[in-house]
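So the chains spell out like this:
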Amino acid sequence: MSSRDKGARAPSQRQLKVGELVRHALAEIFARGEVLDDVIARHSLTVPEVRMSPDLKVATCYVMPLGGGEATDVDKHLEQHKRFLRGEVATRVDLRYMPELRFREDTSFEASSRIDELLASPQVARDTRNAARDLDD
């Protein structure tokens, strides 16, 4: 179980909506190059997901540089600029309370690539052929 899966309760509609608003605001800020930082400026950043805490006071932002390089460095630099980013998001998203931003490296693409690799392996192909043959019998 990954750290993203803790707390088995599904997010509420409000959490999902606020997370999407924050995600869009961050994506716009990154696309416009509004963060003045050499490491961040070297990369095109994507924000695949923002997860909100149940009380909407913490936004965990999963960010990934396109191409995946220097993801850890980018996260560290985003953490250094999170106060600025929080203020910029607050001007774009109308919320009573602006959540604290926490930045994490998005590893979902790596996990899906690993699953694709496993599914394409000869052992799995052999097992699926055997299972299909058993179903036909």
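The structure we're discussing is the one just above.
I will try to describe carefully the structure that is included in this document. Just so you know, these numbers come straight off a predicted model, no measurement behind them.

Turning to the packing of aromatic side chains, a few remarks are in order. According to the stated counting rule, one finds zero aromatic pairs in the structure shown. Here the basic side chain of Lys-57 rests over the ring of Tyr-97, its NZ or CZ set 5.2 Å away from the ring centre. One residue, Arg-86, lies across the ring of Tyr-97, its end atom 5.8 Å from the ring centre.

Before going further, it helps to examine the pairing of strand 1 (residues 45-52). The pairing of strand 1 with strand 2 (residues 58-65) spans six bridges and is antiparallel. For Arg-51, the partnering residue across the bridge sits in strand 2 and is Thr-60. In this structure, the hairpin formed by strand 1 and strand 2 is closed by a connection of five residues, where Leu-56 is found at a positive phi of approximately 65°.

The subject of this paragraph is the nonpolar core. Leu-26, Phe-30, Leu-78, Leu-85, Val-89, Leu-101 and Phe-103 are the most contacted members of the largest nonpolar core, which totals 26 residues. Mapped by element, the contributors of at least two residues to this core are helix 1 (13-32), helix 2 (38-41), strand 1, strand 2, helix 3 (71-80), helix 4 (82-92) and strand 3 (100-105). It is helix 1 that contributes the most residues to this core, six residues altogether.

Right, let's talk about the side chain of Ser-53 for a bit. Looking at where Ser-53 falls in the secondary structure, it is placed in the loop between strand 1 and strand 2. Not counting chain neighbours up to four residues away, the residues in contact with Ser-53 comprise Gln-15 and Val-58.

A separate point is the sheet that holds strand 2. With respect to topology, three strands assemble into an open sheet ordered 1-2-3, the strand pairing being mixed. Because the sheet does not close on itself, it has two edges, and the strands there are strand 1 and strand 3. Geometrically, the sheet is characterised by an average inter-axis angle of 30° between neighbouring strands, direction not taken into account. Here strand 2 pairs with strand 3 via six bridges, running parallel. Residue pairing across strands places Ala-59 opposite Leu-101, the latter belonging to strand 3. Its contacts with the sheet place helix 1 against strand 1, strand 2 and strand 3, and it is angled at close to 155° to strand 1.

Parameters and conventions
Residues numbered from 1 in each chain as written. Predicted model: local features only at pLDDT ≥ 70, side-chain atom pairs only at ≥ 80, totals over all residues. Heavy atoms only, no water. Phe/Tyr/Trp six-rings, centres within 6.5 Å; stacked < 30°, edge-to-face > 60°. Lys NZ or Arg CZ within 6 Å of the ring centre and 35° of its normal. Pairing = 2+ DSSP bridges. Helix = DSSP H or I, 4+ residues; strand = E, 2+ residues; numbered from the N terminus. Core = buried A, V, L, I, M, F, W, Y, C linked by side-chain atoms within 4.5 Å. Buried < 20%, exposed > 50% of the residue type's maximum accessible area, 1.4 Å probe, protein only. Contact = heavy atoms within 4.5 Å. Axes fitted to C-alpha atoms, helices over the stretch in contact; angles between N-to-C directions.

No statement about biological role is implied by the geometric values presented.
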